[in-house]
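Chain by chain, the residues run as shown.
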Amino acid sequence: MSIIDGIKSEIIEKISAGYKEAVSNGSLPETDENIDISSLAKLEVPKDKSHGDFACNIAMVLAKQLKTAPRKIADAITSNIDKSGDIKDIEVAGAGFINFYLAPDWLYRTMESIEKEGSDYGKIDLGKGKKVMVEFVSANPTGPMHMGNARGGALGDCLASVLEYAGYDVTREFYINDAGNQIEKFGKSLSARYIQQLKGEDAIEFPEDGYQGGDITEHAKEFIKLY
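Since we're looking at a predicted model, the values are computed, not measured.

## Describing the nonpolar core
Move 1: Among the nonpolar cores identified, the biggest contains 30 residues, and Ile15, Ile77 and Phe100 are the most heavily contacted of them.
Move 2: Elements with a contribution of two residues or more to this core: helix H1 (3-24), strand S2 (54-56), helix H3 (58-66), helix H4 (70-79), strand S3 (87-93) and strand S4 (97-102).
Move 3: Sorting elements by how many residues they give to this core places H1 first, with seven residues.
Move 4: Leaving out residues up to four positions away in the same chain, Ile77 has contacts with Ile15, Gly18, Tyr19, Leu28, Ile58, Leu62 and Ile98.

The following block contains the structure:
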């Protein structure tokens, strides 16, 4: 479990304990229903960082079951939460959101973890060794290189690395685009433009399905300079 996952589990446990204490001391009403706070409490990262590191809407979730206003539920829970550990501060906001502010200590522990684990930092066992094959191709050689056709190799390799770090047994299948019908058509197009540059447009009929791009002519001119 990562440091931040451990902190989230800690917060949910404290919310659950705070709720139970609030019911025990009469701050919140008892109910015949068996309420499992651990499964109901969900933490979100607020878009506005001034609202804390994590926010929880458990008070709104419990309002119907407890027949109590969310704000009152949130106040009761936060009043009975243990604020030790990674929690620096807690506030109730809006209709009853509970906002949590973390102490910076967890950042220091993360730095220590990075130093200790080195290149293994960030690896998880989500894949549990399951075999995955990632297929990706080289840039298309039949036209000018651009980000659209050059990115396949880089993205494929990066995706494979991410899956490896997530615990999968990854096989990379990198297809080099240097054979097949398109390459044959490319070669015939280059040959035709080469002859046309030396002997004129009427010297050879350009293939009907050939590549018409101006880059083919430029390639032929460069080849003539060499040979």
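After presenting the structure, the write-up continues.
## As for the side chain of Asn99
Move 1: Checked against the element boundaries, Asn99 lands in strand S4.
Move 2: The class for Asn99 is buried, based on a relative accessible area of 3%.
Move 3: Engagement of the side chain of Asn99 in a polar contact is seen with the backbone oxygen of His51, the distance being 3.2 Å.
Move 4: Once residues within four sequence positions are removed from consideration, Asn99 is found in contact with His51, Phe54, Ala55, Asp89, Ile90, Glu91 and Ala93.

## Quick word on a nonpolar patch on the surface
Move 1: On the surface, a cluster of nonpolar side chains totalling about 340 Å² of accessible area is made up of Leu107, Tyr108 and Met111.
Move 2: Residue classification places Leu107 among the partly exposed positions, given a relative accessible area of 42%.

Each value, and the rule that gives it
Residues numbered from 1 in each chain as written. Predicted model: local features only at pLDDT ≥ 70, side-chain atom pairs only at ≥ 80, totals over all residues. Heavy atoms only, no water. Core = buried A, V, L, I, M, F, W, Y, C linked by side-chain atoms within 4.5 Å. Buried < 20%, exposed > 50% of the residue type's maximum accessible area, 1.4 Å probe, protein only. Helix = DSSP H or I, 4+ residues; strand = E, 2+ residues; numbered from the N terminus. Contact = heavy atoms within 4.5 Å. Polar contact = N/O pair within 3.5 Å; in protein donor to acceptor, adjacent residues only side chain to side chain. Patch = residues over 30% accessible without salt bridge, like charges linked within 9 Å, V, L, I, M, F, W, Y side chains within 5 Å. Areas by Shrake-Rupley, 256 points an atom, 1.4 Å probe, with all protein chains shown as cover. Salt bridge = Lys/Arg side-chain N within 4 Å of Asp/Glu carboxyl O.

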